[in-house]
Amino acid sequence: PIINDNKIFMYTTNNADFAGIDLLGLIDAEVRCNRIVGPGSNILKSFGIRSNQSSSRLMQCNHVSLTETGVAFKGTNTIGTTFRGNTMTDHFYGLDLNSNAFIDRQRFHGNTWNGTFGSSFGARNLNSATAFDVALNRFDVHTPVGSSFHPTSYLDPLCIGCQWFVQNGTNY
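Read from one edge to the other, the open sheet built from 5 strands follows the order S2-S5-S8-S11-S14, with strand pairing classed as parallel. Two strands close off the open sheet at either side, each with one partner strand: strand S2 (7-9) and strand S14 (112-117). Direction aside, neighbouring strands of the sheet carry axes that sit 5 degrees apart on average. Relative to strand S5 (residues 35-37), S2 is paired through 3 bridges, and the arrangement is parallel. Considered in S5, the bridge of Phe9 is made with Val37.

This structure, assessed with the given rule, holds 8 salt bridges. When the shortest N-O distance is used, the salt bridge between Asp22 and Arg50 registers 2.8 Å. In this pair, Asp22 is assigned in strand S3 (residues 18-24) and Arg50 in strand S6 (residues 46-52), connecting sequence segments 28 residues apart. Note that Asp140 is salt-bridged to Arg107, the shortest N-O span being 3.8 Å. Of this pair, Asp140 sits in strand S16 (residues 139-141) while Arg107 is found in strand S13 (residues 106-107), placing the two residues 33 residues apart along the sequence. The network of salt bridges with shared partners includes Arg105, Arg107, Arg138 and Asp140.

So, on to the sheet that holds S16. Read across the open sheet, the 3 strands follow the order S13-S16-S18; overall the sheet is parallel. Of all strands in the sheet, those bounded by a partner on one side alone are S13 and strand S18 (165-167). In the sheet, S13 pairs with S16 via 2 bridges, with the strands oriented parallel. For Gln106, the partnering residue across the bridge sits in S16 and is Phe139.

Further remarks concern the packing of aromatic side chains. The tally for this structure, following the rule as stated, stands at 9 aromatic pairs. Ring geometry for Trp113 and Phe139: centres 6.3 Å apart, planes at 70 degrees, overall edge-to-face. In this pair, Trp113 sits in strand S14 while Phe139 sits in strand S16, placing the two residues 26 residues apart along the sequence. Assigned by exposure class, Trp113 and Phe139 land together as buried. When the centroid spacing of 4.7 Å and the interplanar angle of 25 degrees are considered together, the rings of Phe139 and Phe165 count as stacked. Of the two residues, Phe139 is situated in strand S16 and Phe165 in strand S18; the sequence distance between them amounts to 26 residues. On the accessibility criterion, Phe139 (3% relative accessible area) is buried. Linked through ring pairs, Phe73, Phe83, Trp113, Phe139, Trp164 and Phe165 together constitute an aromatic cluster.

Okay, the side chain of Ser54 next. Within the secondary structure layout, Ser54 lies in the loop between S6 and strand S7 (55-60). Of note is the side chain of Ser54, whose polar atom sits 3.0 Å from the backbone nitrogen of Gly25. At 3.0 Å, the side chain of Ser54 and the backbone nitrogen of Leu26 are in polar contact.

Calculation criteria
- Residues numbered from 1 in each chain as written.
- Predicted model: local features only at pLDDT ≥ 70, side-chain atom pairs only at ≥ 80, totals over all residues.
- Heavy atoms only, no water.
- Pairing = 2+ DSSP bridges.
- Helix = DSSP H or I, 4+ residues; strand = E, 2+ residues; numbered from the N terminus.
- Axes fitted to C-alpha atoms, helices over the stretch in contact; angles between N-to-C directions.
- Salt bridge = Lys/Arg side-chain N within 4 Å of Asp/Glu carboxyl O.
- Phe/Tyr/Trp six-rings, centres within 6.5 Å; stacked < 30°, edge-to-face > 60°.
- Buried < 20%, exposed > 50% of the residue type's maximum accessible area, 1.4 Å probe, protein only.
- Polar contact = N/O pair within 3.5 Å; in protein donor to acceptor, adjacent residues only side chain to side chain.

Below, the structure is given as structure tokens:
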């Protein structure tokens, strides 16, 4: 399926489990050019886009803001995803990978993290017990940590020397 060009505004004061776009068990989904605005980053279990046990081949040019989690990948079968040109603004976590999520290496795809993140981390990778796991979700970026293209990120503290976002090449 292709999910594109939607404008989704979510309103609630409840801490319910909900997402602007929720993919569950889909194969070869494309999610592109959507704008999703949530009720606030303090509303628990709110997601801009959630991909759960789905193989999303393309997630591009989406703008998500004001949810607890901007974009979440959960479960297996997400390997092979191109995550490109997405903007995550004012969340608790902008991007969140759970303990068995694999999306594949992302090379200079121009995703941006803007605003504030309540957790102090623009991105969190819970599938980071080993360097091998981290490498399967690696992001290559041109800019130093703290820039909009290179968020502060959380990895398992026991994964010594692991890098999820790796600065390569010229600083643009």
